[in-house]
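Residues per chain are reported as follows:
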Amino acid sequence: MARFFLLVLIIAVSTAGCDALGREKVDVGPRKDMLEPVNKARRIARACGSRQYEPATAVVWNDKLAEAALRHAQDVALTGKVGHVGSDSTGPDTRVRDTGYSFEFVGEILATGSRSADEVMEGFLNSPGHCSVLMSDRYSEAGAAIAGGRVWTIVFASPK
């Protein structure tokens, strides 16, 4: 009986990060929890490279922006092509328009390879270009997504 219990425990531990078929689970989908660290960063005045930013107002979650973020994150995860132009030659503006969102301003930040939200935010804040988008007071809404466990995208916008 003790052997059986031990065997079950080992199997449960070894498959904790797997699906029913034993494949590694991969985080894919909207990441509403990314809004908290984004807004935490926006509350503090900071330098993004040589440019100084005052605190920015909080952004609110938007499902359409998350849809655009997920579309691009999945594309990058699938193709391995990292950049803001997708394999279908679309940019953030087209991906956001395709969701039906009408915007005045749009911006996108992308990270690959990170396994945690904290790592992603640290990378964004240490990159002058990403930090500038994150801190811009032009944006009032955002949506975030992850695909393949390692491709993170946040889309920022202001509605028309």
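Cut-offs applied
Residues numbered from 1 in each chain as written. Predicted model: local features only at pLDDT ≥ 70, side-chain atom pairs only at ≥ 80, totals over all residues. Heavy atoms only, no water. Helix = DSSP H or I, 4+ residues; strand = E, 2+ residues; numbered from the N terminus. Buried < 20%, exposed > 50% of the residue type's maximum accessible area, 1.4 Å probe, protein only. Contact = heavy atoms within 4.5 Å. Disulfide = S-S within 2.5 Å.

### Here we look at the environment of Pro159
Structurally, Pro159 is set in strand 7 (residues 151-159). In this structure Pro159 comes out as partly exposed when scored by relative accessible area, which is 36%. Sequence separation between Pro159 and Phe105 is 54 residues; the distance between their C-alpha atoms is 7.5 Å. Once residues within four sequence positions are removed from consideration, Pro159 is found in contact with Tyr101, Ser102, Phe103, Glu104, Ser140 and Glu141.

### A closer look at the state of the cysteines
The bond known as a disulfide is covalent and runs between the sulfur atoms of two cysteines. Per the counting criterion, the structure on display carries one disulfide. Note that Cys48 is cross-linked by a disulfide to Cys131, the S-S spacing being 2.0 Å. Because the sign of the S-S torsion sets the handedness, a value of about -50° for the bond joining Cys48 and Cys131 places this disulfide among the left-handed ones. You can see Cys48 sitting in strand 2 (residues 46-48) and its partner Cys131 sitting in helix 6 (residues 128-135), a full 83 residues away along the chain. Each of the two residues, Cys48 as well as Cys131, counts as buried.

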